[in-house]
Amino acid sequence: MEWIKKISNNDNIIENIIYSQNNISILVRLWNGKKITLIPKNCWMIKDKNSILEEIGDVIILNESISLEEIKSDIINGNGSEKEYENLKAFVFKNSWNDRNILEIVCENILYFENT
């Protein structure tokens, strides 16, 4: 996940989160003015805590979290199987100044695209 090194702790800002049908796009403005788009793959949940215009600190990937457990429970209670959630991870974006969580995404992976 090379994109994490590019956006964490480098004066980059979450500019917008766009929801359209079943797709989510996270627009990030880099320190040099360039823009990139992050797209969660097989996204089950996004928890936004006033992340717009927040500077990105660390981005961590968790294999265990309260959000992941909630999603697993929802899948099993909905007659789903372990196969449906075995590849899910929680991507947690932290604020660079006070280390609070500003955005959490439960998905399989996050795709990185440079905007032209």
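## Focus: the sheet that holds strand β3 (residues 35-41)
Now for step 1: Overall, antiparallel pairing links the four strands, which are arranged β1-β2-β3-β8 in an open sheet. At either end of the open sheet lies a strand with only one pairing partner, and these are β1 (13-20) and β8 (109-114). The mean angle between the axes of side-by-side strands here comes to 25°, regardless of whether they run parallel or antiparallel.
Now for step 2: Note: β3 against β8, six bridges, orientation antiparallel.

## Quick notes on the pairing of strand β6 (residues 89-95)
Now for step 1: β6 sits mainly inside the fold: seven of its seven residues count as buried.
Now for step 2: Side chains K89, F91, F93 and N95 project from β6 onto one buried face, and the interleaved A90, V92 and K94 project onto a second face that is buried too.
Now for step 3: Two strands pair when backbone bridges link them, and strand β5 (residues 56-62) and β6 are joined in this way by five bridges, in the antiparallel orientation. By the bridge assignment for β6, I60 is matched with V92.

## Quick word on unusual backbone geometry
A negative phi angle characterises most non-glycine residues, just as the trans form characterises most peptide bonds.
Now for step 1: The backbone of N42 sits at a positive phi, close to 55°, despite the residue not being glycine.
Now for step 2: Within the element layout of this structure, N42 appears in the loop between β3 and β4 (45-48).
Now for step 3: Since its relative accessible area comes to 34%, N42 is described here as partly exposed.

## What about the side chain of S65?
Now for step 1: Mapped onto the elements, S65 comes out in the loop between β5 and α2 (66-77).
Now for step 2: Those residues in contact with S65 that sit more than four places away from it in its chain are A90 and E104.

Thresholds, definitions, all that
Residues numbered from 1 in each chain as written. Predicted model: local features only at pLDDT ≥ 70, side-chain atom pairs only at ≥ 80, totals over all residues. Heavy atoms only, no water. Pairing = 2+ DSSP bridges. Helix = DSSP H or I, 4+ residues; strand = E, 2+ residues; numbered from the N terminus. Axes fitted to C-alpha atoms, helices over the stretch in contact; angles between N-to-C directions. Buried < 20%, exposed > 50% of the residue type's maximum accessible area, 1.4 Å probe, protein only. Contact = heavy atoms within 4.5 Å.

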